Amino acid sequence: MTTERDYDKLLTVALDKAMPYDWSIGLHGSMFFQEIRENQRFVGIRCPQCKKVYVPPRRVCGPCYTEMDELVPLSDTGTLRAFSVVNYPFIDPNTGGQRPVPYTYGYIQMDGADNIFSHIINETDVSKIEVGMRLKAVFKPKEKMQGHITDIIHFDIIS
Amino acid sequence: MAQKVAIVGTGQTDHKSHRPDVTGQEMIREAVDRALEDCGITIRDIDAIVIGNMDHFESINYVDNWSIEGSGGFMKPIMKVTTGGTTGASVAIAAYYHVASGMFDRVLAIGWEKNSESDTTGAIITCSDPIWDRFSYSGAIPSLATEATAYMKQYGATQEDAARVAVRDRNNALNNPHAHLQRPITLEDVMSSPMLAHPIKLLDVCPRTDGACAVVFAADGEAQRLAKKPAWIHASAVRHTYSWFGDSTDYDAGLVSLARASQEAYKKAGITDPSRELDVAELYLPYTYAGIKWIEDLKFCGRGEGAKFVREGNTNMDGMIPVNPSGGVISTNCIGATALLRVAEASIQVMGKGGKRQLPKVNKALATGFGGCFWSDVMILGAERS
Ligand SMILES: [Zn+2]
């Protein structure tokens, strides 16, 4: 859940259960969630040095160690680069409860981005999932969005 | 120029899934005692200690402080180094730096883990970014599985190709009295084991082990006095990527950190044809697909040839480049000790102390560590003073 200190600009992630941790999302990450809520689309950021487009946007290109500021509007579609269907039970340290399994962990290359975005794929039958498939993000209804990664429910396979 | 350094003694516990008979500190002491005994010194001869294990695992902080009665570090310079799965190799490399600097003559490196007392998956999940990655990340297995699915798609490798790696390592472990899993397995056993996270099955992946490892590093002059045949450090290299899981894997380029680290180490050690010039490799292969994929990054064979290279027996005990005579990570995985065990086992081969798992003639040996967000550490050891 995200705490609404100043929804216009800076968001903070907190845990579902009361735990003494919360994390600043920062300016770029907060803008990403604003864009998701307002326009249901992704936004990335381009490195002035290597020209790589990153999503989610962040302040610094790690390999170049260069500050980035050129935001790049993206769509809500991408391509599956790798995946795994998680079958084994485990405790989620963010909730203290069992993570619901099975679920499919996917590495998604969003259209127009050069890096990989990690999220969940809405299909757990291995025979129906293949690297290279086209995906589309499914969002929560706007009024239920919290400025959290789960504002994107999952990705549907579209072809 | 740096001082020449050799490994002169190693010690490890008899690894088990659960050691309720000892505390963590007591388990560490077993490995330390064996390492000191191996080179005929006492804890008084040790000038400094480097120790490490996995952050968050046993829920014990300040491990360097807490473990003193096991490490023997009372009133000695002691440093904790922890870099995820690579911890054991990072501990070894830090101990090497200590001696190579000329400031210390005999340094003890220690890695340990009580996996039975750890929330392994939960602790590993907390290494992922809390805002973006943690909600979908589920620990080591699925992030490795993603790499495997991309590789299988690219090169047509099969689950059977990977299973051969488990069969090789698990059957090698039968020659290692310290190994955790000591039951022989077949290809059918691997293929019929339960699917954990597609395409990784139970027998494709490392166990959870309680165990510790200790290694004594000594300076030139002292090393020849302490060991009949010291294992000289010919090279070490470290390559760590950054924190975004997806970004750390460039599927066209392979495991970039391992390719870069091994390239640097080969260059330092004067190796141009690794599969022919190295006599043995103790590789941190936490799951079977790594055994066909990462040997390509190590340049044992070309891109997409890993499965064939293993299938043809090149990595067997009598092959061109025997991999994991100890049984490797798939047979024993006390995580903070795991990469240090690779260094220890490589040096055991150079020192000729491998017993039933000893190869006939080892002049050069490779040890690797893998962990974190697709990080790699590499060390090359040799019989020649270098
Ligand atoms: Zn850049």
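None of the values given here were measured: they were computed from a predicted structure. (Residues numbered from 1 in each chain as written. Chains lettered and ligands numbered in written order. Predicted model: local features only at pLDDT ≥ 70, side-chain atom pairs only at ≥ 80, totals over all residues. Heavy atoms only, no water.)

**Q** Would you mind going over the overall build of chain B with me for this structure?
**A** Looking only at helices and strands, chain B features 15 helices and 11 strands. Relative to the 2.2 N^0.38 estimate, which gives 21 Å for 386 residues, the radius of gyration of chain B is 19 Å and therefore close to what a compact globule would have. For chain B, the C-alpha atoms occupy an extent of roughly 55 × 45 × 40 Å along the three principal directions. Counting all 386 residues of chain B, 65% fall into the buried class. Restricting the contact set of chain B to residue pairs at least 6 apart, pairs at least 24 apart contribute 77%. A gap of 4 Å separates the mean positions of the 38 positive and 45 negative side-chain charges of chain B. (Helix = DSSP H or I, 4+ residues; strand = E, 2+ residues; numbered from the N terminus. Rg over C-alpha atoms; globule rule 2.2 N^0.38 Å. Buried < 20%, exposed > 50% of the residue type's maximum accessible area, 1.4 Å probe, protein only. Contact = heavy atoms within 4.5 Å. Lys, Arg positive; Asp, Glu negative; His and termini not counted. Charge placed at Lys NZ, Arg CZ, Asp CG, Glu CD.)

**Q** What should I look at first to understand the UniProt feature "domain: Thiolase C-terminal" (unreviewed entry) in chain B in this one?
**A** As annotated by UniProt and renumbered to match this structure, "domain: Thiolase C-terminal" (unreviewed entry) occupies residues 255-380 of chain B. The span residues 255-380 of chain B is 44% helical and 13% strand by assignment, and the distance between its end C-alpha atoms comes to 19 Å. (UniProt positions renumbered as here; feature names shortened; annotations may be inferred.)

**Q** Teacher, can you tell me more about unusual backbone geometry here?
**A** With the exception of glycine, the majority of residues adopt a negative phi angle, and the majority of peptide bonds are in the trans configuration. In this model, A:Val55 is joined to A:Pro56 through a cis peptide bond whose omega is 0 degrees. Assignment of secondary structure puts A:Pro56 in the loop between β5 (53-54) and β6 (60-61). In the segment running from B:His198 into B:Pro199, the intervening peptide bond is cis, with an omega of 5 degrees. By secondary structure assignment, the location of B:Pro199 is in the loop between β5 (195-197) and β6 (200-201). Phi is positive for A:Gln40, close to 50 degrees, though the residue is something other than glycine. Here A:Gln40 lies in the loop between α1 (26-39) and β4 (43-46). Phi is positive for A:Tyr65, close to 55 degrees, though the residue is something other than glycine. Among the secondary structure elements, A:Tyr65 is positioned in the loop between β6 and β7 (66-67).

**Q** I'm lost on the UniProt feature "domain: Thiolase N-terminal" (unreviewed entry) in chain B in this one. Help?
**A** UniProt feature "domain: Thiolase N-terminal" (unreviewed entry): in the numbering of this structure it lies at residues 5-218 of chain B. What you have in residues 5-218 of chain B is 36% helix and 18% strand, and the ends, taken at the C-alpha atoms, are 6 Å apart.

**Q** Would you mind showing me how to read the pairing of strand β7 (residues 210-219) of chain B here?
**A** Residues in a regular strand point their side chains to alternate faces of the sheet. Residue and element names in this part refer to chain B. A large share of β7 lies buried, amounting to 10 of its 10 residues. On β7, burial covers both faces: Asp-210, Ala-212, Ala-214, Val-216 and Ala-218 on one face and Gly-211, Cys-213, Val-215, Phe-217 and Ala-219 on the other are all buried. Bridging between strand β1 (residues 5-12) and β7 involves seven bridges; their strand directions are antiparallel. Bridge pairing in β7 links Ile-7 to Phe-217. Examined bridge by bridge, strand β4 (residues 106-114) and β7 share nine bridges and lie antiparallel to one another. Opposite Val-107, over in β7, you have Phe-217 as the bridge partner. (Pairing = 2+ DSSP bridges.)

**Q** I tried to follow the coordination of the zinc ion on my own but got confused; where do I start?
**A** Geometry sets the ideal angles at a metal, namely 109.5 degrees for four tetrahedral donors and 90 or 180 degrees for six octahedral donors. All names here are of chain A. Within the protein, the zinc ion binds to Cys-47 (SG), Cys-50 (SG), Cys-61 (SG) and Cys-64 (SG); these donor distances fall in the range 2.3 to 2.4 Å. Coordination at the zinc ion is tetrahedral, judged from the four donor atoms that bind it and the angles of 105 to 116 degrees they form at the metal. Each donor residue of the zinc ion lies on one chain, and together they are spaced C-x2-C-x10-C-x2-C. (Donors = N, O, S within 2.8 Å, 3.2 Å for Na, K, Ca; no water. Tetrahedral: all angles 85-135°; square planar, octahedral: opposite > 155°, others 65-115°.)

**Q** Is there a simple way to think about the nonpolar core in this case?
**A** A general feature of soluble globular proteins is that nonpolar side chains tend to end up buried together. If you look at the biggest cluster of nonpolar residues, it comprises 102 residues, and the most contacted ones within it are A:Phe32, A:Phe42, A:Phe155, B:Phe300 and B:Leu366. With seven residues, the top contributor of residues to this core is helix α6 (residues 140-155) of chain B. Looking at which domains feed residues into this core, each of domain 1 (5-120 + 210-226) and domain 2 (132-206 + 235-382) of chain B gives three or more. When sequence neighbours within four positions are dropped, the list of residues in contact with A:Phe155 reads A:Phe42, A:Asp76, A:Ile108, A:Met110, A:Phe117, A:His119, A:Ile120, A:Ile121, A:Asn122, A:Leu135, A:Lys136 and A:Ala137. (Core = buried A, V, L, I, M, F, W, Y, C linked by side-chain atoms within 4.5 Å. Domains from an automatic or database assignment.)

**Q** I would appreciate a short explanation of the sheet that holds β5(A) in the present structure.
**A** For sheets, the rule is that strands pair by backbone hydrogen bonds, running either parallel or antiparallel. Residues and elements named next belong to chain A. Taken in spatial order, the three strands line up as β5-β4-β8 in an open sheet, and their pairing is antiparallel. Of all the strands in the sheet, the pair left with one neighbour each is β5 and β8 (70-73). Inspection of the sheet shows β4 paired to β8 by four bridges, in the antiparallel sense. What sits directly across from Val-43, in β8, is Pro-73.

**Q** Can you help me understand the interface of chain B and chain A in this one?
**A** Interface size is commonly expressed as the accessible surface area that is lost when the partners come together. Taken together, the contacts link 32 residues of chain B with 38 residues of chain A. Taken together, the two surfaces of chain B and chain A that pack against each other cover about 3200 Å², and 65% of this comes from carbon and sulfur. Residue A:Glu130 is joined to B:Lys153 by a salt bridge in which the shortest nitrogen-to-oxygen separation is 2.8 Å. Counting the contacts that link chain B with chain A gives 12 residue pairs in polar contact (both at pLDDT 80 or more). Breaking the side of chain B that touches chain A down by element, the ones donating at least two residues are α5 (120-125), α6 and β5 of chain B. When residues of the side of chain B that touches chain A are assigned to their parent elements, the largest contribution, eight residues, is made by α6(B). In the side of chain B that touches chain A, the residues fall into 17 nonpolar, 11 polar and four charged. (Buried area = accessible area lost by both parts, 1.4 Å probe. Salt bridge = Lys/Arg side-chain N within 4 Å of Asp/Glu carboxyl O. Polar contact = N/O pair within 3.5 Å; in protein donor to acceptor, adjacent residues only side chain to side chain. Nonpolar A, V, L, I, M, F, W, Y, C, P; charged D, E, K, R; others polar.)

**Q** Honestly, the packing of α6(B) against helix α12 (residues 288-297) of chain B in this entry has me stumped. Any pointers?
**A** Relative orientation and spacing of two packed helices are given, respectively, by the angle between their axes and the distance between those axes. Residue and element names in this part refer to chain B. The geometry of α6 relative to α12 is characterised by a closest axis approach of 11 Å and an angle of 65 degrees between their N-to-C directions. On the basis of their axis angle, the class for α6 and α12 is roughly perpendicular. Crossing of α6 over α12 shows left-handed handedness. For the pair α6 and α12, the contacting residues are Leu-144, Glu-147, Ala-148, Tyr-151 and Met-152 in the first and Tyr-289, Ile-292, Lys-293, Trp-294 and Glu-296 in the second. (Axes fitted to C-alpha atoms, helices over the stretch in contact; angles between N-to-C directions. Parallel < 35°, antiparallel > 145°, perpendicular 65-115°, else oblique. Left-handed = near helix turned anticlockwise from the far one by under 90°.)

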